[in-house]
Amino acid sequence: MKTITTAEQFNELISGDQKVLVKFYAGWCPDCTRMNMFIDPIIEEYSQYDWYELNRDELPEIADKYDVMGIPSLLIFQNGEKLAHLHSANAKTPQQVTDFLSTQQ
């Protein structure tokens, strides 16, 4: 998973035709660390997405703009639009993440 470090990079990545999945996280977040332990096989299974992560503490204006209230949250973008949002309360297990992604097909 590649890291987004600037708002310009974020805006460029989400504006393309390719579906982009962005994981919003923070370094102090235990649920984010837990997600990191199970996300790799999910990334492989859902390789139709370009996967990125964004530290909400470093780019809070983006998190605010897209209503990311809790972390980790997974957001899917295409052509500059937010298509889907898996909120942190529903992103605690591999099953919750794969259920969300399977409904996006």
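Located above this text is the structure these notes cover.
Our subject in this report is the structure included herewith. If you're wondering where the values come from, they're calculated on a predicted model, not measured in any experiment.

The next thing to look at is the state of the cysteines. Throughout the structure, instances matching the rule amount to one disulfide. Note that Cys29 is cross-linked by a disulfide to Cys32, the S-S spacing being 2.5 Å. On the sign convention where negative is left-handed, the bridge of Cys29 and Cys32, at about 85 degrees about the S-S bond, is right-handed. With respect to burial, Cys29 and Cys32 carry one shared label: buried.

Residues Phe10, Val22, Phe24, Leu54 and Ile62 are the most contacted members of the largest nonpolar core, which totals 21 residues. Listing elements by their share of this core, those giving two or more residues are helix H1 (7-14), strand S2 (20-25), strand S3 (50-55), helix H3 (60-65) and strand S4 (73-78). A total of four residues in this core trace back to one element, the largest contributor, which is S2. Excluding residues within four positions of it along the chain, Val22 makes contact with Ile4, Phe10, Tyr52, Leu54, Ser73, Leu74, Leu75 and Phe77.

Here the focus is H1. Because the α-helix completes a turn every 3.6 residues, residues three or four places apart line up on one side. Listed in full, the buried residues belonging to H1 are Ala7, Phe10 and Ile14. Down the axis of H1, the buried side of the element spans an arc of 60 degrees, and every buried residue falls inside it. The outward face of H1, more than 90 degrees from its buried face, is lined by the exposed residues Glu8 and Glu12.

Glancing now at the sheet that holds strand S1 (residues 2-4). Ordered by their spatial adjacency, five strands build an open sheet running S1-S3-S2-S4-S5, and the pairing between neighbours is mixed. At either margin of the open sheet sits one strand with a lone partner, and together these are S1 and strand S5 (81-86). Geometrically, the sheet is characterised by an average inter-axis angle of 30 degrees between neighbouring strands, direction not taken into account. In the packing of H1 onto the sheet, the strands contacted are S1, S2, S3 and S4, and the crossing angle to S1 comes to about 120 degrees. Relative to S2, helix H2 (residues 30-45) is tilted by about 165 degrees, and along the sheet it contacts S2, S3 and S4.

Parameters and conventions
- Residues numbered from 1 in each chain as written.
- Predicted model: local features only at pLDDT ≥ 70, side-chain atom pairs only at ≥ 80, totals over all residues.
- Heavy atoms only, no water.
- Disulfide = S-S within 2.5 Å.
- Buried < 20%, exposed > 50% of the residue type's maximum accessible area, 1.4 Å probe, protein only.
- Core = buried A, V, L, I, M, F, W, Y, C linked by side-chain atoms within 4.5 Å.
- Helix = DSSP H or I, 4+ residues; strand = E, 2+ residues; numbered from the N terminus.
- Contact = heavy atoms within 4.5 Å.
- Arc of directions from axis to C-beta.
- Pairing = 2+ DSSP bridges.
- Axes fitted to C-alpha atoms, helices over the stretch in contact; angles between N-to-C directions.

This is a description of form; function is not addressed.
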